[in-house]
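Topology and contacts: notes
Here are the chains, one letter per residue:
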Amino acid sequence: MAAHVSARQGMVWVLALATFLSCAVAGTGRLEAKQRLEVQRRLRRLNKEAVKSIESPDGDIIDCVHLSHQPAFDHPFLKNHTIQMRPAFHPEGLLFDEKEVAAQKRTPSIAQLWHQKGRCPENTIPIRRTKRDDVLRASSVKRYGRKKHRSIPNPLSVDPDLLNENGHQHAIAYVEGDTYYGAKATMNVWEPKIQQANEFSLSQLWILGGSFGADLNSIEAGWQVSPDLYGDNNTRLFTYWTSDSYEATGCYNLLCSGFIQVNGEIAMGATIYPISKYGGTQYDISILVWKDPKEGHWWMQFGDGYVLGYWPSFLFSYLEDSATMIEWGGEVVNSEPDGEHTSTAMGSGHFPGEGFGKASYFRNVQIVDGSNNLRPPSEFGTFTEQSSCYDVQTGNGGHWGHYFYYGGPGRNSNCP
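- Per an unreviewed UniProt entry, the protein carries the name Neprosin PEP catalytic domain-containing protein and comes from Ensete ventricosum.

**Brief notes about the pattern of salt bridges**
- For the coordinates displayed, the defined rule picks out 14 salt bridges.
- Between D74 and K48 there is a salt bridge whose closest N-O contact spans 2.8 Å. Of this pair, D74 sits in the loop between β2 (61-66) and α2 (98-105) while K48 sits in the loop between α1 (2-46) and β1 (52-55), and the two are 26 residues apart along the sequence.
- R137 is paired through a salt bridge with D134; the nearest N and O atoms lie 2.5 Å apart.
- What you see here is one network of salt bridges that share partners, running through D58, D60, R128, D134, R137, D232 and R236.

**A closer look at the sheet that holds β1**
- Pairing within the open sheet is antiparallel, and its 3 strands lie in the order β1-β2-β4. Bordering the open sheet on either side are β1 and β4 (124-128), each of which pairs with just one other strand. Pairs of neighbouring strands in the sheet enclose a mean axial angle of 25°, with direction left out of account.
- Direction of pairing for β1 relative to β2: antiparallel, over a ladder of 4 bridges.

**Here's the deal with the packing of aromatic side chains**
- Under the defined criterion, the tally for this structure stands at 20 aromatic pairs.
- Aromatic side chains F356 and Y361 sit 6.0 Å apart centroid to centroid with 25° between the ring planes, which places their arrangement in the stacked category.
- A residue is classified by how much of its surface remains accessible, and F356, at 51% relative accessible area, is exposed.
- Assessed through its relative accessible area of 2%, Y361 is described here as buried.
- What links up through ring pairs into an aromatic cluster is the set W328, F362, F380, F404 and Y406.
- Just above the ring of Y240 sits the side chain of K147; from NZ or CZ to the centre is 5.7 Å.

**A few points about the nonpolar core**
- Counting residues in hydrophobic clusters, the biggest one holds 79 residues, and the most contacted among them are I207, I287, W311 and W328.
- Within the second largest apolar cluster, 13 residues are counted, among which are A72, I260, L288 and W299.

**Notes on the pairing of strand β7 (residues 201-209)**
- Of all 9 residues in β7, 9 are buried, a share of seventy percent or more.
- With burial as the criterion, each face of β7 is covered, one bearing S201, S203, L205, I207 and G209 and the other bearing L202, Q204, W206 and L208.
- Across 9 bridges, the pairing between β7 and strand β8 (residues 217-225) is antiparallel. Paired with L208 across the two strands is S218, which belongs to β8.

**Quick look at unusual backbone geometry**
- Between Y273 and P274 the backbone carries a cis peptide bond, its omega angle lying at -5°.
- The topology assignment puts P274 in the loop between β12 (272-273) and β13 (284-291).
- Even without being a glycine, N123 presents a positive backbone phi close to 65°.
- With respect to the helices and strands, the residue N123 is situated in the loop between β3 (111-112) and β4.
- You will see that D338, though not glycine, has its phi angle at about 60°, which is positive.
- Here D338 lies in the loop between β16 (323-333) and β17 (360-368).

**Here's the deal with the sheet that holds strand β19 (residues 381-384)**
- Reading across from one edge, β10-β9-β8-β7-β16-β5-β19 is the order of the 7 strands in this open sheet, with antiparallel pairing throughout. This sheet does not close on itself; its edge strands, each paired only once, are β10 (251-252) and β19.
- As paired strands, strand β9 (residues 236-242) and β10 are joined by 2 bridges and run antiparallel to one another. By the bridge assignment for β10, Y240 is matched with Y252.

Quick notes on the rules
Residues numbered from 1 in each chain as written. Predicted model: local features only at pLDDT ≥ 70, side-chain atom pairs only at ≥ 80, totals over all residues. Heavy atoms only, no water. Salt bridge = Lys/Arg side-chain N within 4 Å of Asp/Glu carboxyl O. Helix = DSSP H or I, 4+ residues; strand = E, 2+ residues; numbered from the N terminus. Pairing = 2+ DSSP bridges. Axes fitted to C-alpha atoms, helices over the stretch in contact; angles between N-to-C directions. Phe/Tyr/Trp six-rings, centres within 6.5 Å; stacked < 30°, edge-to-face > 60°. Buried < 20%, exposed > 50% of the residue type's maximum accessible area, 1.4 Å probe, protein only. Lys NZ or Arg CZ within 6 Å of the ring centre and 35° of its normal. Core = buried A, V, L, I, M, F, W, Y, C linked by side-chain atoms within 4.5 Å.

The structure is reproduced here in structure tokens:
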């Protein structure tokens, strides 16, 4: 009798386990189906109908999308927006900066890799196509194309708990204490080594307004290596914006509605080519972001004459008026793999003391003042969380005007 009861109990347990596993599998299936649907919706929203598509040598697909069909116009406030094809005003002094012209003549030209396979037709803009795997690499479908919270370097903070918040580390120069209406700099382009796929390395300028709390406004532009975002280790042109410290607004490039692109030759998020070589040829890019004093929008220019587009002023609160801090420099994510500092490189991966041809630099650093004049800052400060890992050194003079070298290798004998 006991054996009979035991056998029957065993059957009950088997049936219960089978039911549980069946439910678990069904639940997982439902979750996977829901995720697939979310990914498909996101891809449909991001990948607009193309007039022409170009396959880049690096595997990217560049879609040539009509100006009026770009992602910006998914924004409810932009439904009836008239595209402004050029700014009403450039900063004074932009076209007559003799130091910049002289420095540019000494530097080889740079382009984007996809240009080798073609160009987009008139009245279209090039958009890097988002693939399913791009979205799946993100922490969630919702967070795709966004930075993690609070990754802005705050050089005015003395709180040691904030120095490596979220694992972000920096080596920057900055100005603060005034009102600013733009910034410009030229930076050489590298392909820094990334230790882990969830880390990145970038070099950029930041236009900042508000406090370093939840109300922070930021416009950012530069180059980056980000395996998580792009699925490779290529060096890519990027932009970013947020009006609430990376919480719910903003994104990289054109991965949400906001930035309005008007240029048909440069693709946000596309590979920059060629790049600088250690001890060899140096390639650099110039980036200018400024506030048009007439319309109030924040415009971006890449290189000598590529006016890329603008962030409408209504996207922001503090930056609707002006910026209160400008930063230039490098940022990496240090996830401390195996309990040690990451070996992800910043810039060239070499310290500033190695100088030209070996270290990464920003040169001809300038700000736009309240009179719409492009001029060197009267002085600027520097900031780095751990100078034994990544450092920064400033200088002034000659064709480079205000400049600084920055970067480093990350983990080394002095940065364990």
